[in-house]
Amino acid sequence: MERGQDSAAGRGYGTTLSTPSTETIERARITDYRRWLADRHGVTADGGYAGLWQWTVSQPSDFWSTIWEYFDVLGSRGAAQPVIQGDRMPAIHWFSGSALNYSRNALRVAQADPDRTALIYRSEAGHSGRLSYGELDRQVAIARAALVELGVTRGDRVAAYLPNSPQALIGLLAVASLGAIWTSCSPDFGAPAVIDRFAQVTPKVLIAVDGYVYNGRAYDRRQEVASIAAALPGLEAMITVSYLGASGDQPDLPVPAVAWETLGDRVGTGLRTEFDDVPFDHPLWVLYSSGTTGLPKPIVHGHGGIVLEHLKALCLHQDIGPGDVFFWYTTTGWMMWNYLAGALLAGATAVAYDGSATYPGTDALWRLAAQAGVTYFGTGAPYLIACMKAGVQPGTDHDLSRLRGVGSTGSPLPPEGFAWVYSAVAPVAGPGFTLGSFSGGTDVCTGFVGPNPLLPVRTGIIAGPCLGAKVEAFNAVGESVIGEVGELVLTIPMPSMPVGFWGDESGERYFASYFADFPGVWRHGDWIMFLPEGGCVIYGRSDATLNRGGVRMGTSEFYRIVEEFDEVADSLVIDTGVLGTEGRLILYLVLADGASFDDALAAKIKSALRSALSPRHVPDEIRQVPGVPRTLSGKKLEVPVRKILTGTPVAQAADPSSLANPEVLAYFAPGGGGA
C-alpha cells in the first residue's frame, strides 16, 4: 500500500490503496467501449479517462447516441431527430420519436440464454432459491396476464407494498412490460407513510405482502395493508402475497383481492412475456423523496433514460456484465433497489436479500456474499463502518474469492472505511479488486460521481464524475471552483433526470426543487469538493450547512472523527445559526453499549476535532441522546433537528411516518432530555 501526501480534502485522504493493472484495464468494459468508439465513430479521446469524460460532456448528444448503439438497446430510434431537444434545463427532451421498453431490454437474455441465472434470493423469512432468465420471463408473463385481467393498461399505476423478494422484481417487469407505471414501498413503512406516497399516484392495483421478518422477529402487516388499501382513491383490485404465512383472521379489504400464488391457475402457465414499446420519456416508475418535512415528492423516471443510464453506470463504471453476481443491500423503498434490478439490463445475476444486515451477526451480508458467489457487493457506508468497528474480518471468515468489487453509497465513506475494506476484504478477493464509493440520488436513480476501473482507489476519495455527468462545484455566486467546497451542480442534462413530478402539470414544483438557485443548472443539494489532483469528496447535504466564522463546512468530516471513538455508536452535529447570525454548534452522541458520557470523553472528542480539523470544528456543546433520527432508508436527519433547535415544534419539524425512529426527536426539544 502506497502512502501518499494528505490531499486538499484533509488528513488521511488520498492514500493510494490500489492502482489498476494493465490486465484489469485491458479487460474492462469501458476499455472495450473506447476501442469501439474509435473504430466505429473515429472518436479517439486523448488524456485517459479525463479525456473520454470531457468528450462525453462536450458532445452529450453523440455520447448518449453511442450508448444506445454500443449496448444494442432493443427498440426503435425512429426518424432522424436531434438526440437532445431544448435549449435549457429543465425544458429538455431526449430521443424524440423513439420507442422502447425497459422490460424488453431487461429480459432479452431469456431469448438468448434462458438457463442463465437471473435472480438469487434469500430472506430471514426462510425464502431462498434462484430463477433463470427463462423462468423469470415465464413468471413475468403470468403476472402481466393477471394485471391485464384486472384491467391494467398503459399509464395505469400499480403500487407494491413488498419486501426485496422475487415478487417485487417480477411485478416491476410485468408492470413495465405493459407501459403501466410501477411504484413501491417496503413493508417496514407504516401505513401513514405509504398512504402519503401511494395516494398521490392513485394506483389501480395494489400488490401487498402479509408480513416480513427482520432481526429475527416476524411482523404481521395485514392490518396496515387493509388501512392502506382503504385510503387509496381509485383502487380497484389487490394481489396478496402470503410471504409470512400469517395465520388468524384476515382484516376486511375494500376491493376484490386475488392471491399471487393462484395467478398461474387463473391465466395459464405456458406464456412468454409480451412487451409494449413506449416513447423514450414514458413513465417507468415513481420514486419518492424522504418526505420528512412535507409530502414526499413523487419523482417520475422514464423508460429510455433509465435503460441508458443504468447500462452506462453498471457496465462502464462498475464493470458489470454476463457472469457477474451483483448484490446491493437495499429495500424496495430505496432507489438502490431499482438500481439493483438494472443488473438484468447488463445480463448479470441480481441477488435480492430481505432481512437485517447484522442478524444473526454483523457479518450476515458477507456470509450471504460467500454463499451466493457474489462478484460485486454493494451496501451503505454505515454498514462498512459498523463492520470495521466490530472487528469483522470477512476475508478471513468467508470465501470471498469471487468478489472483485465493493460498492458504497448512502453517505460519505471516510478514509478509515476505505482502509478497512482493503485490509479486511481485498487481500483474499478476486483479481483487480476495487472499492467504489458512489454518490447520486433518488432524483436521478443513479450516481453522478463514482467508481472507475481505469483509475486508482484512494482513501476517502470518489474517483470522479461519471461519463456524461457534467458535475461541478459552484460557489455562492455560481462560479465553478476546484479545491474548495461548493454546491454540487450539473450544468448539462442527463437522460435519467426526472420527466417530472407526478401531478405537477405546470412543472413549478420540479423547477423549484432543482433549478431555482442557478437558472438552467441542476442544484442537487450536496456539498462537494473537486481536488486539484483529481477525484472528489462529498461533504453532506448543503441544506444542513455548518457556518463557523464565515467558513462553510460539511457534516461528514465531523462524523468521521467523532465516530472513530469506540465509546460512540452514532452522532449528529447541528449549527443553530440563522440568517447570517452565528449560532451554537451542538454535537449529539449516541454511546456504545457500556460506555458513559463524562468530561473526559468530551475533552477527548474536542481535542480530536481541533487537531484533525480546526478550532472552528470544536462544538460549543456536547449532549447525549438515545438515538439519531433517521429516514426509513437510514439517512441522518440534520435539518429537522435544526428546526427544532431554532423553535419549530417537534410535531411540525418532521413527519414521524417518514422516520425509522420518530420517538427520538423529542429528545432534541428544549427540556427533552438531551443531556
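Refer to the structure printed above.
What you see as residue numbers is a count from 1 along each chain, following the sequence as written. The predicted nature of this model means local features are confined to residues of pLDDT at least 70 and side-chain atom pairs, given and counted, to a pLDDT of 80 or more, with totals for whole chains, interfaces and linings taken over all residues. For the side-chain quantities, the full set of heavy atoms in the structure was used; hydrogens and water were omitted.

*Asks:* How would you summarise the pairing of strand β6 (residues 117-123) if you had to cite specific residues and measurements?
*Replies:* Per-residue accessibility, obtained with a 1.4 Å probe over protein chains only, is compared with the maximum for each type, and a residue is labelled buried under 20%, exposed over 50%, and partly exposed between these values. Secondary structure counts use DSSP, requiring at least four H or I residues in a row for a helix and at least two E residues in a row for a strand, with both numbered from the N terminus. Counting buried positions over the seven residues of β6 gives six, a clear majority of the element. Strands were regarded as paired on the criterion that DSSP finds at least two bridges between them. By the bridge criterion, five bridges tie β6 to strand β7 (residues 128-132) in an arrangement that is antiparallel. Across the sheet, Y121 pairs through a bridge with G129, a residue of β7. Linkage of β6 to β7, two consecutive antiparallel strands, is achieved through a turn of four residues, within which G126 is found at a positive phi near 100°. In terms of strand pairing, β6 meets strand β19 (residues 349-354) through five bridges, oriented parallel. When the bridges of β19 are listed, R122 appears paired with Y353.

*Asks:* Describe the sheet that holds strand β15 (residues 278-279), listing the residues and the values that go with them.
*Replies:* Strand order in this open sheet of three strands is β2-β5-β15, and the pairing throughout is antiparallel. The sheet is open, and its two edges are formed by β2 (75-76) and β15, each paired on a single side. Summarising the sheet, β2 and strand β5 (residues 99-100) pair through two bridges and their orientation is antiparallel. Among the inter-strand pairings, S76 is bridged to a residue of β5, identified as A99.

*Asks:* Tell me about the side chain of S177, residues and numbers included.
*Replies:* For S177, the location among the structural elements is in helix α8 (residues 166-177). Judged by relative accessible area, which is 0%, S177 ranks as buried. Looking at S177, its side chain comes within polar contact range of the main-chain oxygen of A174, at 2.7 Å. By definition, residues are in contact when any of their heavy atoms lie within 4.5 Å. Excluding residues within four positions of it along the chain, S177 makes contact with N101, S103, R144, T273, E274, F275 and D276. Residues adjacent in sequence count toward polar contacts only when both atoms are side-chain atoms; beyond that, a polar contact is any pair of N or O atoms within 3.5 Å, and within protein one must be able to donate a hydrogen and the other to accept it.

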